[in-house]
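Structure assessment
Listed below are the residues making up each chain.
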Amino acid sequence: MADLLPILQLGDPVIRQKATWVDNIHDEKIQKLIDDLISTVDQANGVGIAAPQVAEQQRLFIVASRPNPRYPNAPTMEPTAMINPRIVSHSVQVVKGWEGCLCIPGIRGFVPRYQAIEVEYYDRYGQLQKQELTDFVARVFQHEYDHLDGIVFIDRVESTHDIITEQEYQKRVGNIT
């Protein structure tokens, strides 16, 4: 049975540490961590979560895009565990988009990211997957990938004018009048 895990907050030194490679994907602890991360991201209305956000220094994250109160226009996909991921190539085009983070509640940033990326990762069954991701899902992947290297989205904003509160963001996307 999956557990809900406490999510670290910005300021906890673990958030800024570099995660280590997962050596044994089939290990029971890794498989349980995957299930726990999926439950935790769902409960928190996130679209992705990285193991370091729950104090597990493993190169593992979940991409779980779906419409929810925090991201009402997100596309729907099955929650996907991405283990030892890499960005193989990326588009020249960089686009800015609003991001939030479960580790930094109440704040959004207008963050530049590659519009398209080609990625490789191992799935929870140990199979190598290769995909091209675009737009919102590419953004989520890049955001979570940064967590594996101790980087958070506010490190990537180009100006303090590109940071707003969650309430202001929700007004802009039409969730609050």
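Before any of the text, the structure's been laid out above.
If you walk across this open sheet you meet the three strands as 4-5-8, and the pairing is antiparallel. The sheet is open, and its two borders are formed by strand 4 (94-99) and strand 8 (163-165), each paired with just one other strand. Here the strands of the sheet are splayed against their neighbours by 30° on average, with no regard to which way each runs. Contacts from helix 2 (residues 135-148) reach strand 4 and strand 5 (107-114) within the one sheet, and its direction differs from that of strand 5 by about 105°. Contacts from helix 3 (residues 166-173) reach strand 4, strand 5 and strand 8 within the one sheet, and its direction differs from that of strand 8 by about 90°.

Attention now moves to the packing of aromatic side chains. Inspection of the entire model under this criterion finds five aromatic pairs. When the ring of F61 is compared with that of F141, the centres are 5.1 Å apart and the planes differ by 80°; the resulting orientation is edge-to-face. Here the residue F61 occupies a position in strand 2 (residues 60-63), and F141 occupies one in helix 2, the gap between them amounting to 80 residues. For the pair F61 and F141, one class covers both residues: buried. Seen from their ring centres, F141 and Y145 are 5.9 Å apart, and the 15° between their planes marks the pair as stacked. Remark: Y145 and F141 occur in helix 2; sequence separation between them is four residues, near one turn of the helix. A residue is classified by how much of its surface remains accessible, and F141, at 0% relative accessible area, is buried. When its relative accessible area of 19% is taken as the criterion, Y145 is described as buried. These aromatic residues form a ring-pair network of at least three members: F61, F141 and Y145. Directly above the ring of Y145 sits R59, whose terminal nitrogen or CZ lies 5.9 Å from the centroid. One cation-aromatic arrangement involves R108 over Y169; the distance from NZ or CZ to the ring centre is 3.8 Å.

Proximity of charged atoms lets side chains of opposite charge pair with each other. Scanning the entire structure with this criterion turns up 18 salt bridges. E158 is the salt-bridge partner of K96, the closest N and O atoms lying 3.0 Å from each other. Remark: E158 occurs in the loop between helix 2 and strand 8 and K96 occurs in strand 4; sequence separation between them is 62 residues. For K96, a relative accessible area of 33% corresponds to the partly exposed category. Note that R172 and E168 form a salt bridge whose closest N and O atoms lie 3.4 Å from each other. Residue R172 and its partner E168 are located together in helix 3, separated by four residues, close to a single helical turn. What makes E168 partly exposed here is its relative accessible area of 28%.

It is worth spelling out helix 2 at this point. The terminal C-alpha atoms of helix 2 lie 21 Å apart, and with 14 residues this matches the ideal 20 Å at 1.5 Å per residue to within 8%. Taken as a whole, helix 2 has its buried residues at V137, A138, R139, V140, F141, Q142, H143, E144, Y145, D146, H147 and L148. At the exit of helix 2 stands G150, carrying a positive phi of roughly 75°.

Basis of the calculations
Residues numbered from 1 in each chain as written. Predicted model: local features only at pLDDT ≥ 70, side-chain atom pairs only at ≥ 80, totals over all residues. Heavy atoms only, no water. Pairing = 2+ DSSP bridges. Helix = DSSP H or I, 4+ residues; strand = E, 2+ residues; numbered from the N terminus. Axes fitted to C-alpha atoms, helices over the stretch in contact; angles between N-to-C directions. Contact = heavy atoms within 4.5 Å. Phe/Tyr/Trp six-rings, centres within 6.5 Å; stacked < 30°, edge-to-face > 60°. Buried < 20%, exposed > 50% of the residue type's maximum accessible area, 1.4 Å probe, protein only. Lys NZ or Arg CZ within 6 Å of the ring centre and 35° of its normal. Salt bridge = Lys/Arg side-chain N within 4 Å of Asp/Glu carboxyl O. Expected span 1.5 Å × (residues − 1).

Distances and angles like these do not, on their own, reveal function.
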